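Chain and residue survey
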Amino acid sequence: SQTIHQWPATLVQPVGSPLSLECTVEGTSNPNLYWYRQAAGRGLQLLFYSVGIGQISSEVPQNLSASRPQDRQFILSSKKLLLSDSGFYLCAWSVGSNQPQHFGDGTRLSIL
Amino acid sequence: AQTVTQSQPEMSVQEAETVTLSCTYDTSENNYYLFWYKQPPSRQMILVIRQEAYKQQNATENRFSVNFQKAAKSFSLKISDSQLGDTAMYFCAFMTSIASEKLVFGKGMKLTVNP
């Protein structure tokens, strides 16, 4: 069966520091991969998605970036974190377009 | 713009009772997909049920069923025989066949099942 791993679960970072969140999927090949952010009391907002290695689509312009160095690996990065980057970040995968997306356990990011 | 509205921010129900969560959406597209996700206190987002807009038959998954009214752009979730483990945030979401990677979420609704 397919599983999705996301780490770390919790992260506290100072303003201006870099960020790297990692997500990997097991048990499937060539999945679509997604990064979402959930602000407190709100629904999820799609940040990036990828339909293949090296293919990244950005939904919301900001100081975050995403990369997909391997088929089942999706990384969310920032060179300099802002206070507004605080939130709950969720990685997800699907077998293709218009298919249900399955989420990881999320990373709680706090910026001090 | 495509939007999802969950007008009830919070509900509570007694164990074993039935509860209905409401959701409306707005889109000009004809082909789309609707979802209900559940997010318990553990924070993991779990798919509850899915409905294709081209299907007239309402989707059912065990104790969970939907009432899909396409003309009214309404997609409510009915939970029968509520259990304590159903306590969670519930999010309604949809995606169109054109923007086929983008799930648009509502703000969510907190459901509490009381013993």
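Before going into details, it helps to say that this report is about the structure given with it. (Residues numbered from 1 in each chain as written. Chains lettered and ligands numbered in written order. Predicted model: local features only at pLDDT ≥ 70, side-chain atom pairs only at ≥ 80, totals over all residues. Heavy atoms only, no water.)

Points about the overall build of chain B
On a plain count of helices and strands, chain B comes out with zero helices and 12 strands. Its C-alpha radius of gyration of 14 Å places chain B within 12% of the 13 Å reference for a compact globule of 115 residues. The principal-axis extent of the C-alpha atoms belonging to chain B is close to 45 × 25 × 20 Å. Sorting the 115 residues of chain B into buried and exposed places 47% on the buried side. Put simply, of all contacts in chain B between residues at least 6 apart along the chain, 56% involve residues at least 24 apart. For chain B, the accessible surface area stands at approximately 5,600 Å², while carbon and sulfur atoms represent 46% of it. Taken together, the 11 basic and 10 acidic charged side chains of chain B have centroids lying 5 Å from each other. (Helix = DSSP H or I, 4+ residues; strand = E, 2+ residues; numbered from the N terminus. Rg over C-alpha atoms; globule rule 2.2 N^0.38 Å. Buried < 20%, exposed > 50% of the residue type's maximum accessible area, 1.4 Å probe, protein only. Contact = heavy atoms within 4.5 Å. Areas by Shrake-Rupley, 256 points an atom, 1.4 Å probe, with all protein chains shown as cover. Lys, Arg positive; Asp, Glu negative; His and termini not counted. Charge placed at Lys NZ, Arg CZ, Asp CG, Glu CD.)

What to know about the layout of surface pockets
Of the pockets and cavities examined, the largest pocket occupies roughly 420 Å³. Along the walls of the largest pocket sit 19 residues, with Arg-42, Gly-43, Leu-44 and Gln-45 of chain A together with Phe-105 of chain B positioned nearest its centre. Counting only elements with at least two residues in the lining of the largest pocket, the list comes to β5 (44-52) of chain A together with β1 (3-5) and β11 (104-105) of chain B. Among the elements that line the lining of the largest pocket, the one with the most residues is β5 of chain A, at three residues. When the residues that make up the lining of the largest pocket are grouped by side-chain class, the tally is eight nonpolar, six polar and five charged. (1 Å grid on protein atoms, 1.4 Å probe; cavity = no way out; pocket = protein on both sides within 12 Å on 5 of 7 lines; lining within 4 Å. Points joined across faces, edges and corners; volume = space filled by probe spheres on them. Nonpolar A, V, L, I, M, F, W, Y, C, P; charged D, E, K, R; others polar.)

Quick look at the nonpolar core
Soluble globular proteins tend to bury their nonpolar side chains together. Among the nonpolar cores identified, the biggest contains 27 residues, and Trp-36, Leu-77 and Tyr-90 of chain B are the most heavily contacted of them. The biggest single contributor to this core is strand β10 (residues 88-96) of chain B, with four residues. Dropping the residues within four chain positions of it, Tyr-90 of chain B is found in contact with Gln-6, Leu-21, Trp-36, Tyr-37, Lys-38, Val-48, Phe-64, Leu-77, Ile-79, Gly-108, Met-109 and Leu-111 of chain B. Ranked by size, the runner-up nonpolar core spans 20 residues in total, among them Leu-76, Leu-81, Leu-109 and Ile-111 of chain A. (Core = buried A, V, L, I, M, F, W, Y, C linked by side-chain atoms within 4.5 Å.)

What to know about the packing of aromatic side chains
For the structure on display, the rule yields 15 aromatic pairs over all chains. Taking the centre distance of 5.9 Å and the plane angle of 35 degrees together, the rings of Tyr-25 of chain B and Phe-94 of chain B count as tilted. Highlighted residues: Tyr-25 of chain B in strand β4 (residues 24-26) and Phe-94 of chain B in strand β10, separated in sequence by 69 residues. Both residues of the pair, Tyr-25 of chain B and Phe-94 of chain B, count as buried. The positively charged end of Arg-43 of chain B is found above the aromatic ring belonging to Phe-88 of chain A, 4.4 Å away from the centroid. (Phe/Tyr/Trp six-rings, centres within 6.5 Å; stacked < 30°, edge-to-face > 60°. Lys NZ or Arg CZ within 6 Å of the ring centre and 35° of its normal.)

Some remarks on the sheet that holds strand β7 (residues 64-70) of chain A
All names here are of chain A. Read across the open sheet, the four strands follow the order β1-β3-β8-β7; overall the sheet is antiparallel. A single partner strand is all that each edge strand has here, and the edge strands are β1 (3-7) and β7. Along the sheet, successive strands turn relative to each other by an average axial angle of 20 degrees, direction set aside. In this sheet, strand β3 (residues 19-26) lies alongside β1 in antiparallel orientation, the contact comprising five bridges. Note on β3: the bridge partner recorded for His-5 is Thr-24. (Pairing = 2+ DSSP bridges. Axes fitted to C-alpha atoms, helices over the stretch in contact; angles between N-to-C directions.)

In short, the description is geometric, and any link to function would need to be established separately.
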